[in-house]
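Descriptive analysis of the structure
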Amino acid sequence: MLKRASLVLVPFASLLLAHHARAVWDYVHRDFSASYAIYGAYPDAPVAPIAGDTKVAFRLTGAAAKDMFDAIGPDLAAGCPDPQIRLRNRDMLLCRHRPNDGYRCEFGFDLSTGLSIGASVGGAMCVQ
């Protein structure tokens, strides 16, 4: 009887503890380091923006980029030729880690449509 009761109570207690652990998390906005560029055409051949062709590219660094890098893992299998440069991506979000300059994430939007666009050419993350 005790075994049967423990089979029911242990999973229930585990769920209760997991819910409590998640409930103590705080939704907090944190400051971060970033830069942006407004441009037209494409990130690898930018031109001055014009009506109907205006895009924005964001580059985050520091703790925010590290948090994003950690959250979107794993590393790309076919990343950079240099094995110390680690790349991770999800759709149009591209993040990188290099030991000598830390974490960096890039993403962008087409301001004419509001659609998410890639803000970096993949190979550029391996050399900059």
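Residues numbered from 1 in each chain as written. Predicted model: local features only at pLDDT ≥ 70, side-chain atom pairs only at ≥ 80, totals over all residues. Heavy atoms only, no water.

This part takes up the pairing of strand β1 (residues 33–42). Both β1 and strand β3 (residues 55–61) contribute to a ladder of seven bridges, which runs antiparallel. For Ala 34, the partnering residue across the bridge sits in β3 and is Leu 60. Pairing geometry for β1 and strand β2 (residues 45–47), over three bridges, is antiparallel. Across the sheet, residue Tyr 42 finds its bridge partner in β2, namely Ala 45. (Pairing = 2+ DSSP bridges. Helix = DSSP H or I, 4+ residues; strand = E, 2+ residues; numbered from the N terminus.)

It is worth spelling out the layout of surface pockets at this point. Space inside the second largest pocket adds up to approximately 200 Å³. Lining the second largest pocket we find Arg 30, Asp 31, Phe 32, Leu 60, Ala 63, Ala 64, Asp 67 and Met 68. Ranked by residue count, the leading element in the lining of the second largest pocket is helix α2 (residues 63–72), at four residues. (1 Å grid on protein atoms, 1.4 Å probe; cavity = no way out; pocket = protein on both sides within 12 Å on 5 of 7 lines; lining within 4 Å. Points joined across faces, edges and corners; volume = space filled by probe spheres on them.)

Before going further, it helps to spend a moment on the packing of aromatic side chains. On inspection of all chains with the given rule, the structure shows five aromatic pairs. Pairing Phe 58 with Phe 109 gives two aromatic rings, centres 6.5 Å apart and planes at 75°, and the pair type is edge-to-face. Separated by 51 residues along the polypeptide, Phe 58 in strand β3 and Phe 109 in strand β6 (residues 102–110) bring together distant segments of the chain. Judged by its relative accessible area of 29%, Phe 58 is partly exposed. An aromatic cluster is present here, built from Tyr 36, Phe 58, Phe 107 and Phe 109 joined pairwise through their rings. (Phe/Tyr/Trp six-rings, centres within 6.5 Å; stacked < 30°, edge-to-face > 60°. Buried < 20%, exposed > 50% of the residue type's maximum accessible area, 1.4 Å probe, protein only.)

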